[in-house]
Amino acid sequence: MPELPELEAVKDVLVRRLAGRPVVGVDVAPKGGPIVVRDLTGQGFAHQVTGRTFDAVERRGKFLLIPLSHSAASEARLTLAINPKLMGRLQLCSPDARKVGPVHVTVHFDNPAEELRYVDSKRMGQIYLTTDLAQIPTFAEMGPDALDISLPDFKERLRPYRGEIKGVLTRAAFVAGIGNAYADEILWQAGLHPYRKRASLSTPEVEALHQAMQQVLLHAVDQVRREMGDEIHLKPRSSFAIHLRAGEPCPRCGTAISAITANQRITNFCRTCQPGGLIIGM
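Values in this document were obtained by computation on a predicted structure and should not be read as measured data. (Residues numbered from 1 in each chain as written. Predicted model: local features only at pLDDT ≥ 70, side-chain atom pairs only at ≥ 80, totals over all residues. Heavy atoms only, no water.)

Moving on: the packing of aromatic side chains. Overall, the coordinates contain 5 aromatic pairs when judged by the stated rule. Here the aromatic rings of phenylalanine 54 and phenylalanine 109 are separated by 5.3 Å at their centres, their planes lie at 85°, and the arrangement is edge-to-face. Taken together, the residues phenylalanine 54 in the loop between α2 (45–49) and β3 (58–60) and phenylalanine 109 in strand β7 (residues 103–109) connect sequence positions 55 residues apart. Per residue, the accessibility class of phenylalanine 54 equals that of phenylalanine 109, and both read buried. Relative to phenylalanine 139, the ring of phenylalanine 63 lies with its centre 5.1 Å away and its plane at 80°, an arrangement referred to as edge-to-face. (Phe/Tyr/Trp six-rings, centres within 6.5 Å; stacked < 30°, edge-to-face > 60°. Helix = DSSP H or I, 4+ residues; strand = E, 2+ residues; numbered from the N terminus. Buried < 20%, exposed > 50% of the residue type's maximum accessible area, 1.4 Å probe, protein only.)

Printed below as a string of structure tokens:
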């Protein structure tokens with residue numbers, strides 16, 4: 001699943017390559033809508049996007065937001081909101097480039113040698129077209145971005161939660177942008193067991209968690225930018241210290257990294273560096 005670091009890197013490439021570029025056509029594959037493509041305007045997705053420009057590209061949590069220019073026929077301010085979820089990816093390429101998966105939407109620009117594809121093998125992600133972001137399910141419920149939240153706000157927002165700390169970190173209503181992979185990385189950096197209850201954390205541990213969140217995400221953004229370059233469909237993994245590295249030695253202590261699979265989610269951690277918590281299996 002693309003998380004904050006990957007989407008931040010993708011955003012940077014799209015800003016540099018596509019901001020201000022006119023859209024001359026949009027193709028929506030039959031299987032792409034309405035499962036993937038959600039036209040909340042009711043006025044026609046391809047029709048509404050064609051003829052406008054990408055005014056900017058922004059990121060909010062795990063969403064990429066692309067405000068579109070006004071058109072001569074409408075004063076409505078439209079935004080494309082892309083939520084890739086589990087398997088969605090963007091591919092910025094030439095029309096003859098190999099598809100990196102099932103293409104559901106293709107956006108054509110004034111340069112015929114370049115197009116933007118939305119690829120999603122599971123059809124779990126969505127591309128919304130809307131004049132009001134609050135219309136998107138759960139969007140308005142997102143908490144502050146994980147890179148922007150201050151320590152006092154982090155402490156205050158964390159206080160009402162009582163569940164396992166990994167589950168809290170991945171709740172967009174608490175803080176936006178963190179998923180399964182980077183939650184593992186953050187908790188390892190902070191030395192906290194993923195199944196520790198939030199209420200068991202001391203004040204120094206909460207402060208260490210906030211610091212680890214900032215450090216891990218900022219480092220990952222830099223790493224992803226370097227590895228991805230302009231190939232925004234790639235899935236860089238070299239910045240991971242423990243996620244998806246079960247059985248490998250912990251970079252800090254050498255203990256074999258543990259893995260627990262529950263609810264179709266893999267959790268990786270070091271039993272030595274991250275002691276405690278309720279252990280339900282290997």
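Moving on, we come to the nonpolar core. Judged by nonpolar contacts, the single largest core of 61 residues is most densely connected at Leu14, Phe54 and Leu116. Other than its neighbours up to four places away in sequence, phenylalanine 54 contacts Leu18, Ala19, Gly20, Arg21, Val23, Ile66, Pro67, Leu68, Leu80, Val107, Phe109 and Leu116. Residues Phe63, Ala81, Met142 and Ala176 belong to the second largest nonpolar core, which totals 8 residues. (Core = buried A, V, L, I, M, F, W, Y, C linked by side-chain atoms within 4.5 Å. Contact = heavy atoms within 4.5 Å.)

Right, let's talk about the sheet that holds strand β8 (residues 115–119) for a bit. The strand order β1-β7-β8-β6 describes an open sheet built from 4 strands, whose pairing is antiparallel. Only two strands of the sheet have a single neighbouring strand rather than two, namely β1 (23–28) and β6 (89–93). The mean inter-strand angle of the sheet, taken between neighbouring strand axes irrespective of direction, is 15°. Across 5 bridges, the pairing between β1 and β7 is antiparallel. Residue pairing for β7: aspartate 27 is matched across the bridge by threonine 106. Against the sheet, helix α1 (residues 4–18) touches β6, β7 and β8, its axis set at about 30° to β6. (Pairing = 2+ DSSP bridges. Axes fitted to C-alpha atoms, helices over the stretch in contact; angles between N-to-C directions.)

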